[in-house]
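One letter stands for each residue in the lines below.
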Amino acid sequence: MPPPTPARTPAPKAPKSPSPRTGLLLTGGGARAAYQMGVLEAIADLRQACGAGREPNPFPIITGTSAGAINAAALACGADDFDRTVRRIARVWRQFHAHQVYGADSPEEKRTHSALRPVELLVIAPSQRLDAIAARHVGDLPGPVRTMLGALGVTSNMADVRGAALASYLLFEQGYTRELMALGRADTLARRADVCRFFGWKDTGAALRTRLPT
């Protein structure tokens, strides 16, 4: 009796890799986004010339930012008919005038025809450079952070404006934050009359309570 022949198990098929999809990314740039429509018009014409006019939208993924996002949104709204949508958006760009996007009248004309009213502002700004204050506290940062900043050329040198500016955003240390809070309080109290007038408060001249660091 012949020995049994071992059965062979077929090798598993390799999973099919997903077919690549083409995305369209439209950047910002205000009126410069008109350039994008020239590109898209050319792509639409080439698509027809290559006999691909009946194929689906060549961009299943569409995204953008700022003015490019507006183009992207308009293109996505007509994604089922790429060529017609490109023509419609291009027609808008060809007929643009500045007043359709932003007010181009003189300030006097705008005030005359606008229903907007003036807004009273109370602006309180630091009386000292925060970068200079930060430079005094760079040594308070954790060692790894100082090492990273040192690699970027940041030092405690008061003349290192760029480095101190970067450190001023990272100095979550009590010495720095308390000094900024004290400066903010002092700058506000220096404008006591302006603050009271802005809020409609009657200043009786009463002494303020002393705030102790906690």
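Refer to the structure presented above.
Notes on the structure follow.

About the criteria used
Residues numbered from 1 in each chain as written. Predicted model: local features only at pLDDT ≥ 70, side-chain atom pairs only at ≥ 80, totals over all residues. Heavy atoms only, no water. Core = buried A, V, L, I, M, F, W, Y, C linked by side-chain atoms within 4.5 Å. Buried < 20%, exposed > 50% of the residue type's maximum accessible area, 1.4 Å probe, protein only. Helix = DSSP H or I, 4+ residues; strand = E, 2+ residues; numbered from the N terminus. Salt bridge = Lys/Arg side-chain N within 4 Å of Asp/Glu carboxyl O. Contact = heavy atoms within 4.5 Å. Axes fitted to C-alpha atoms, helices over the stretch in contact; angles between N-to-C directions. Parallel < 35°, antiparallel > 145°, perpendicular 65-115°, else oblique. Left-handed = near helix turned anticlockwise from the far one by under 90°. Arc of directions from axis to C-beta.

1. Description of the nonpolar core
1) Next: Leu-24, Leu-26, Met-37, Leu-40, Ala-44, Phe-59, Ala-72, Leu-75, Phe-82, Val-86 and Ile-89 form the largest nonpolar core, which has 11 residues in total.
2) Next: Going through the elements one at a time, strand 1 (23–26), helix 1 (34–49), helix 2 (67–77) and helix 3 (82–94) are the ones with two or more residues in this core.
3) Next: Formed by 9 residues, the second largest nonpolar core is a distinct cluster that contains Ile-133, Leu-149, Leu-171 and Leu-183.

2. What to know about the pattern of salt bridges
1) Next: Inspection of the entire model under this criterion finds 7 salt bridges.
2) Next: In this structure, Asp-81 engages Arg-84 in a salt bridge whose closest nitrogen and oxygen atoms are separated by 3.8 Å.
3) Next: On the basis of relative accessible area, Arg-84 is assigned to the partly exposed category, the value being 42%.
4) Next: Asp-194 serves as the salt-bridge partner of Arg-191, at 2.9 Å between the closest nitrogen and oxygen.
5) Next: Overall, the relative accessible area of 29% leaves Arg-191 in the partly exposed class.
6) Next: Counted as one network, the salt bridges with shared partners bring together Arg-191, Asp-194 and Arg-197.

3. A short note on the side chain of Asp-83
1) Next: Mapping Asp-83 onto the fold places it in helix 3.
2) Next: Sequence-distant contacts of Asp-83, defined by excluding residues within four places in its chain, comprise Ala-44, Arg-47 and Gln-48.

4. Quick notes on the packing of helix 5 (residues 130–137) against helix 8 (residues 174–189)
1) Next: Relative orientation of the contacting elements helix 5 and helix 8 amounts to 150°, with a least axis distance of 9 Å. In terms of their interaxial angle, helix 5 and helix 8 are classed as roughly antiparallel. Judged by the sense of rotation from one axis to the other, the crossing of helix 5 with helix 8 is right-handed. Across the interface between the two elements, Leu-130, Ile-133, Ala-134, Arg-136 and His-137 from helix 5 touch Gly-175, Tyr-176, Glu-179, Leu-180 and Leu-183 from helix 8.

5. Remarks on helix 2
1) Next: The complete set of buried residues in helix 2 reads Ala-67, Gly-68, Asn-71, Ala-72 and Leu-75. What you see down the axis of helix 2 is that its buried residues fit within an arc of 140°, all on one side. Across helix 2 from its buried face, at more than 90 degrees, point the exposed residues Ile-70 and Cys-77.
2) Next: Looking at the buried residues of helix 2, the elements they touch are strand 1, helix 1, strand 2 (61–64) and helix 3.

The quantities given are spatial measurements derived from coordinates; they are silent on function.
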